[in-house]
Amino acid sequence: GLFGVPELSCPEGFQEAQDKALQESEQLVQKACSTPPGPETVMIFDQLSDSLCRVADLADFVKVAHPDFAFREAAEEACRNIGTVVEKLNTDVELCQSLRRLLVDETIMSSLDPETRRVAELFMFDFEISGIHLDEEKRKKAVDLNIRILDLCNEFLIGAHIPNKIDKHVLPEHIRYNFTAEGNYLQVAGLHADCPDDLVREAAYKIFLHSNAQQLARLEELLASRNSLAQLVGYDTFAHRALQGTMAKNPETVRQFLEKLSEQLSKRTQKDFQMMTKMKMKLNPHNSMLMPWDHPYYSGVLRAERYNIDPGLYCPFFSLGACMEGLNSLFSQLLGISLYAEQTKRGEIWSEDVRKLAVVHETEGLLGYIYCDFFQRPDKPHQDCHFTVRGGRLKENGEYQLPVVVLMLSLPKSARGTPTLLSPGMMENLFHEMGHAMHSMLGRTRYQHVTGTRCPTDFAEVPSILMEYFANDYRVVNQFARHYETGQPLPKNMVSRLCESKKVCAAADMQLQVFYAVLDQIYHGKHPLTKSTTEILKETQERVYGLPYVPNTAWQLRFSHLVGYGAKYYSYLMSRAVASMVWKQCFAQNPFDRAMGERYRREMLAHGGGKEPMLMVQGMLQKSPSVEDFVDALVSDLDHDFETFIMDS
Ligand SMILES: [Zn+2]
């Protein structure tokens with residue numbers, strides 16, 4: 001069956017696997033409740049979590065990626081059923097009590113190793129949000145709030161993607177063809193950010209982002225409800241709860257980080273905006289004021305003008321085979337790890353073109369499996385993604401449960417007889433996703449609750465972004481990039497030009513991300529909000545971003561990440577800052593340094609989410625970086641490489 005799970009040879013098998021998991025979990029709940037508090041309590045909780053996750057995580061992947069509808073449907077059903085059970089368990093007072101007895105016993109707690117203690121606290125953290133520790137009345141309120149928040153999240157997500165309609169006569173005739181016609185109406189489904197016609201982008205921006213009373217009400221109720229729930233269970237604000245256990249630790253640190261970053265960026269951003277304005281003046285002399293709908297388009301024009309990077313020139317050097325060789329060689333030099341193609345059994349994979357890799361260490365042997373689902377196919381979501389299918393953990397019999405993950409990419413299928421060729425962007429994405437996979441493979445946590453990538457959001461992208469630095473380094477690229485026909489290596493100046501091209505207008509791009517992150521923090525900060533979310537947007541946009549707010553628009557109503565990343569939108573920037581510091585300090589001098597590779601494995605990857613993230617960073621950098629260090633790392637990446645710059649000017 002799928003992933004070698006015997007029951008999953010047919011869609012009906014999900015029911016069987018699910019029933020088995022639920023049965024097992026019932027026994028474990030009883031065991032947890034009847035076991036005296038001690039390290040075994042945490043072990044049982046993790047077993048319980050494992051029995052449910054093993055089916056739910058697998059189903060989570062299958063429901064989006066399996067080509068067979070019946071499988072997707074069965075997986076979806078299993079996800080829902082297990083989700084319901086998990087919700088029930090999170091409000092099971094007796095189960096919670098058994099964990100609480102452990103947490104309040106200081107003697108036992110202080111005798112536990114740090115990982116076990118952290119995992120015990122993490123499990124309690126999950127209980128807490130359901131208000132289980134509160135009195136009857138408050139608990140009822142928490143349950144109601146949780147249900148309401150879930151509904152609001154779903155409604156907001158749907159609303160964030162719904163196209164806006166407009167009477168077609170409002171738009172000049174010559175641009176109407178850009179939008180989908182529906183009788184007398186035009187549908188605007190996005191920002192058309194790359195359209196060369198300024199007027200089309202302006203129209204799309206104003207219509208797509210036009211304020212909508214219903215969606216606005218949803219957002220404001222969602223934010224208020226999140227705040228009420230957080231306060232009910234004992235936090236100052238929603239952000240305080242969301243940031244518990246993260247690298248940043250609290251909203252104050254995030255605020256400082258974003259504010260200092262914004263300050264450091266502002267001059268460079270102004271320069272970027274000036275360049276864009278100049279370009280707009282050249283192309284559209286009648287209307288050259290730079291507006292928010294111009295930013296992505298004109299930065300693209302500038303990048304193309306200055307570096308003229310044609311992906312087609314790079315692709316022949318990046319065949320999929322060459323890139324995988326490159327990764328294999330990098331991992332073997334850095335970590336003593338090799339990737340081997342493994343035969344799959346009947347029914348194990350869901351599409352013929354999926355490849356299974358065994359990850360093997362030179363002395364420790366097999367570490368885990370990566371299923372590579374790399375190619376486009378109908379009904380497959382168009383996104384690059386890493387899925388944990390089975391978490392690693394130390395089993396009761398002393399064996400280690402090997403981690404299993406899927407890497408999903410959307411590479412175009414090549415014609416028969418020619419290799420799959422990757423654009424530079426796809427190559428970088430492959431390295432990025434492989435960084436997540438290595439985090440999963442090398443995490444050797446005792447508990448699957450904190451396996452590999454199951455770590456705080458602001459740390460989760462460190463291993464993957466670090467791999468992007470490797471992917472952009474000539475010494476690394478030169479090991480594998482060969483023209484698939486001639487065998488010729490990729491010229492050095494092509495690699496440096498590619499790297500430099502990414503820095504064009506990069507300050508303005510980062511400034512935009514800072515603006516979004518600040519907005520997210522304010523929305524999830526102190527309530528009641530002092531103003532409407534739109535007024536806050538306007539004020540923050542002008543203060544942190546710099547391009548004018550456009551009346552009657554409400555960009556925040558399209559900010560779907562508010563749902564999944566509530567109060568954590570800054571995470572990507574912070575992860576990038578850490579990856580940048582690790583790269584510069586540990587690998588920039590020699591990207592194949594085995595001693596550094598081992599340190600990286602030992603201090604960062606091995607712990608998954610089982611160790612406080614800032615301690616992992618300190619272990620790696622052998623110092624405790626300040627907020628200023630984070631900011632400097634990000635900003636110095638924007639500096640041009642002098643040699644390449646001069647050569648091209
Ligand atoms: Zn990622």
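Predicted model, so just to flag it, every value in this text is computed and none were measured.

### A short note on the side chain of Thr388
Within the secondary structure, Thr388 sits in strand 7 (residues 385-390). The class for Thr388 is buried, based on a relative accessible area of 15%. Within polar-contact distance, the side chain of Thr388 engages the side chain of Thr453 at 3.5 Å. Excluding its chain neighbours within four sequence positions, the residues that come into contact with Thr388 are Asp57, Val404, Val405, Ser440, Thr451, Thr453 and Arg454.

### Topic: the coordination of the zinc ion
Every protein donor of the zinc ion is accounted for by His432 (NE2), His436 (NE2), Glu461 (OE) and Glu461 (OE), and the metal-donor separations fall at 2.1 to 2.8 Å. Considering all four donor atoms around the zinc ion, the spread of angles at the metal, 51 to 139°, places the coordination shape in the irregular class. Here the donor residues for the zinc ion map to a single chain with the spacing H-x3-H-x24-E. One end of the pair is His432 and the other is His436, both in helix 15 (residues 424-442) and four residues apart, which spans about a single turn.

### Notes on the sheet that holds strand 6 (residues 365-375)
Spatial strand order, 4-5-6-10-7: five strands in an open sheet with mixed pairing. Each of the sheet's edge strands pairs with one partner strand only, and the pair in question is strand 4 (337-342) and strand 7. For this sheet, the mean angle separating the axes of adjacent strands, direction not counted, is 30°. Sheet analysis places strand 7 next to strand 10 (residues 404-411), joined by five bridges and oriented antiparallel. Each bridged residue has a counterpart across the sheet, and for Cys385 the counterpart in strand 10 is Met408.

### Some details on the nonpolar core
Most often, soluble globular proteins keep nonpolar side chains buried together rather than apart. One finds Ile370 and Phe587 to be the most contacted residues of the largest nonpolar core, which totals 160 residues. Broken down by element, this core gets its largest block of residues, twelve residues, from helix 20 (residues 506-523). The residue makeup of this core includes at least three contributed by each of domain 2 (160-234 + 528-566) and domain 3 (314-491). Leaving out residues up to four positions away in the same chain, Phe587 has contacts with Leu334, Leu466, Phe470, Val582, Asp593, Met596, Gly597, Tyr600 and Met620. Counting 54 residues, the second-largest nonpolar core is a separate cluster that includes Leu8, Ala17, Phe127 and Ile132.

### Topic: empty space enclosed by the protein
Considering all chains together, one arrives at two cavities of 30 Å³ or more under this definition. For the largest cavity, the calculated volume is near 100 Å³. Together, 13 residues line the largest cavity, and Phe331, Leu335, Met467, Tyr600 and Leu605 are the ones closest to its centre. Taken together, the elements giving at least two residues each to the lining of the largest cavity come down to helix 14 (320-335), helix 15 and helix 17 (462-471). The calculated volume of the second largest cavity comes to roughly 30 Å³. Every residue along the wall of the second largest cavity is listed here: Phe318, Met427, Ala471, Asn472, Val477, Leu490, Val495 and Leu498.

### What about unusual backbone geometry?
In the segment running from His527 into Pro528, the intervening peptide bond is cis, with an omega of -5°. Mapped onto the secondary structure, Pro528 falls in the loop between helix 20 and helix 21 (533-545). A positive phi angle, near 60°, is found at Cys505, a position not held by glycine. On the secondary structure map, Cys505 appears in the loop between helix 19 (492-501) and helix 20.

### Focus on the domain arrangement of the protein chain
Along its sequence, the protein chain is organised into domain 1 (2-133), domain 2 (160-234 + 528-566) and domain 3 (314-491). Each of domain 1 and domain 2 has a C-alpha centre, and the two are 38 Å apart.

### Some remarks on the UniProt feature "domain: Peptidase M3A/M3B catalytic" (unreviewed entry) in the protein chain
Sequence positions flagged by UniProt for "domain: Peptidase M3A/M3B catalytic" (unreviewed entry) are, in local numbering, residues 192-634. A helix fraction of 52% and a strand fraction of 9% characterise residues 192-634, whose end C-alpha atoms lie 29 Å from each other.

### Some details on the layout of surface pockets
The volume enclosed by the second largest pocket comes to roughly 590 Å³. Sorting the residues of the lining of the second largest pocket by element identifies helix 1 (13-34), helix 2 (39-65), strand 6 and strand 7 as the ones contributing at least two each. A total of five residues in the lining of the second largest pocket trace back to one element, the largest contributor, which is helix 1. For the lining of the second largest pocket, the residue count by class is 13 nonpolar, four polar and eleven charged. Residue-level mapping places the lining of the second largest pocket at the junction of two domains, with at least three residues from each of domain 1 (2-133) and domain 3 (314-491).

### Some remarks on helix 4 (residues 93-104)
In this model, helix 4 (twelve residues) spans 16 Å end to end at C-alpha, consistent with the 16 Å of a helix rising 1.5 Å per residue. Of the positions making up helix 4, those classed as buried are Leu95, Cys96, Ser98, Leu99 and Leu102. Along the axis of helix 4, the buried positions cluster into a sector of 155°, meaning they face one direction only. Of the exposed residues in helix 4, those oriented more than 90 degrees away from the buried face are Glu94 and Val104. If you follow the buried residues of helix 4, they end up packed against helix 1, helix 2, helix 3 (69-90), helix 5 (106-111) and helix 6 (114-128). Two or three places before Glu94, at the start of helix 4, stands the capping residue Asp92, its side-chain oxygen 3.1 Å from that residue's backbone nitrogen.

### Regarding helix 9 (residues 213-232)
The end-to-end C-alpha distance of helix 9, which contains 20 residues, comes to 28 Å, matching closely the 28 Å that a straight helix rising 1.5 Å per residue would cover. Among all positions in helix 9, only Gln215, Leu216, Arg218, Leu219, Leu222, Leu223, Ser225, Arg226, Asn227, Leu229, Ala230 and Leu232 are buried. In this structure, the buried side of helix 9 is in contact with helix 7 (136-161), helix 10 (238-242), helix 20, helix 21 and helix 22 (561-564). Two to three positions downstream of the cap, the backbone nitrogen of Gln214 sits 2.9 Å from a side-chain oxygen, assigning the N-cap of helix 9 to Asn212.

About the cut-offs
- Along each chain, the written sequence defines residue order, and numbers are assigned to residues from 1.
- Reporting of local features is limited, given that this is a predicted model, to residues whose pLDDT is at least 70; pairs of side-chain atoms are given and counted only at 80 or more, and all residues count toward the totals for whole chains, interfaces and linings.
- Each side-chain value is worked out from all heavy atoms of the structure, with water and hydrogens disregarded.
- Helix and strand definitions here come from DSSP, where helices need a minimum of 4 consecutive H or I residues and strands a minimum of 2 consecutive E residues; each element is numbered from the N-terminal end.
- Buried residues are those whose accessible area, probed at 1.4 Å on protein chains only, stays under 20% of the maximum for their type, while exposed residues exceed 50% and partly exposed ones sit between those limits.
- Whenever two N or O atoms come within 3.5 Å, that pair is a polar contact, provided that in protein one can donate a hydrogen and the other can accept it, and provided that, for residues adjacent in sequence, both atoms are side-chain atoms.
- Residue contacts follow a heavy-atom distance rule, with two residues in contact if any of their heavy atoms lie within 4.5 Å.
- Each metal's donors are the N, O and S atoms within 2.8 Å of it, or within 3.2 Å when it is Na, K or Ca, and because water is not part of the set, sites may look incomplete.
- Any site counts as irregular unless it has four donors with all angles between 85 and 135 degrees, making it tetrahedral, or four or six donors with opposite ones more than 155 degrees apart and the rest between 65 and 115, making it square planar or octahedral.
- Any two strands with at least two DSSP bridges between them are considered paired.
- Only the stretch in contact is used when fitting a helix axis, every axis being a line fitted to C-alpha atoms; angles between N-to-C directions are given from 0 to 180 degrees.
- To qualify as a nonpolar core, a set must consist of buried Ala, Val, Leu, Ile, Met, Phe, Trp, Tyr and Cys residues joined through side-chain atoms within 4.5 Å.
- Marked domain ranges trace back to an automatic or database domain assignment.
- Method remark: on a 1 Å grid restricted to protein atoms, a set of points is classed as a cavity if a 1.4 Å probe fits but cannot get out and as a pocket if it is open with protein on both sides within 12 Å along at least five of seven lines; lining residues have an atom within 4 Å of a point.
- Grid points are joined across faces, edges and corners, and a volume is the space filled by probe spheres set on the points.
- UniProt positions are given in the numbering used here, feature names are shortened, and annotations may be inferred rather than shown by experiment.
- Only Asp, Glu, Lys and Arg are considered charged in this grouping, and only Ala, Val, Leu, Ile, Met, Phe, Trp, Tyr, Cys and Pro are considered nonpolar; every other residue, Gly among them, is considered polar.
- Expected span of a helix, by definition, is 1.5 Å for each gap between consecutive residues, and there is one gap fewer than residues.
- Picture the helix axis, draw a direction to every C-beta atom, and the arc is the one those directions span.

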